[in-house]
Amino acid sequence: MSNFAIAGVQMHIRNDDNGDEIESHVRSTVFAFPWVQMVVVGEAAPVGFRQDLAVELPGPAEDRYRDLARELGIWLIPGSFMERAGEAYHNTAIVIAPTGEVVTRYRKLFPFYPYEGFVTPGEEVCVFDVPEVGRFGLAICYDKWFPEVQRQMCWQGAEVIIQV
């Protein structure tokens, strides 16, 4: 694994469209710390936990962050979205490369019930490669309390685990 600078954005999250605030924080972070290569935002940052603001992925909400990552030339994990997939809802994080390509989407395996009572669990752990850097794992919030998640990521070669 080589050196790789990651910044985490911590912000107040409203149960509303937080896109402008996320974009502002990401831009400010990259401006203040130009060596940063990846910016990670927290769980539910884009729209909070509101079912009525759930988005389809891929779609326009995701495209906004793809454009931002491409413009700034960074890896971007803009938090996790409330995703609508047919009749199901998922708590889904996306990983975007500096080219604007969505490298992976991860659906939270362990929703925090009853708070996320409407969320359908995902089915797979998430690992992805950052070329010439290493293999990363991605998990969301409550997943951390289940060691099988991190163990599986490590078995799949994860050298760094990002927890949103």
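For the structure itself, consult the block above.
What counts, and where the lines are drawn
Residues numbered from 1 in each chain as written. Predicted model: local features only at pLDDT ≥ 70, side-chain atom pairs only at ≥ 80, totals over all residues. Heavy atoms only, no water. Pairing = 2+ DSSP bridges. Helix = DSSP H or I, 4+ residues; strand = E, 2+ residues; numbered from the N terminus. 1 Å grid on protein atoms, 1.4 Å probe; cavity = no way out; pocket = protein on both sides within 12 Å on 5 of 7 lines; lining within 4 Å. Points joined across faces, edges and corners; volume = space filled by probe spheres on them. Nonpolar A, V, L, I, M, F, W, Y, C, P; charged D, E, K, R; others polar. Axes fitted to C-alpha atoms, helices over the stretch in contact; angles between N-to-C directions.

Engineer: Help me understand the pairing of strand S6 (residues 102–107) in this model?
Structural biologist: Every regular strand shows the same layout, with side chains that alternate between the two sheet faces. As judged from the five bridges shared by strand S5 (residues 88–96) and S6, these two strands associate in the antiparallel manner. By the bridge assignment, Val95 is partnered in S6 with Thr104. The antiparallel pairing of S5 with S6 creates a hairpin that spans five residues between the two strands, and Gly100 there sits at a positive phi of about 95 degrees.

Engineer: I'm lost on the layout of surface pockets in this one. Help?
Structural biologist: Rolled over the atoms, a probe sized like a water molecule indicates the empty space that remains. Taken as a whole, the largest pocket holds about 200 Å³ of empty space. Arg105, Tyr106, Arg107, Glu123 and Glu124 are the residues nearest the centre of the largest pocket, which is lined by 13 residues in total. Counting residues per element, the ones that place at least two in the lining of the largest pocket are S6 and strand S7 (126–130). Of the residues in the lining of the largest pocket, the class split is five nonpolar, four polar and four charged.

Engineer: Whenever I open this one, the sheet that holds strand S9 (residues 160–163) confuses me. Can you help?
Structural biologist: Where strands meet in a sheet, backbone hydrogen bonds hold them as pairs that are either parallel or antiparallel. Strand order in this open sheet of three strands is S7-S8-S9, and the pairing throughout is mixed. Strand pairing shows two members of the sheet lacking a second neighbour, S7 and S9, which therefore form its edges. The mean angle between the axes of side-by-side strands here comes to 30 degrees, regardless of whether they run parallel or antiparallel. By the bridge criterion, four bridges tie strand S8 (residues 134–139) to S9 in an arrangement that is parallel. The residue of S9 that forms the bridge with Gly137 is Ile161.

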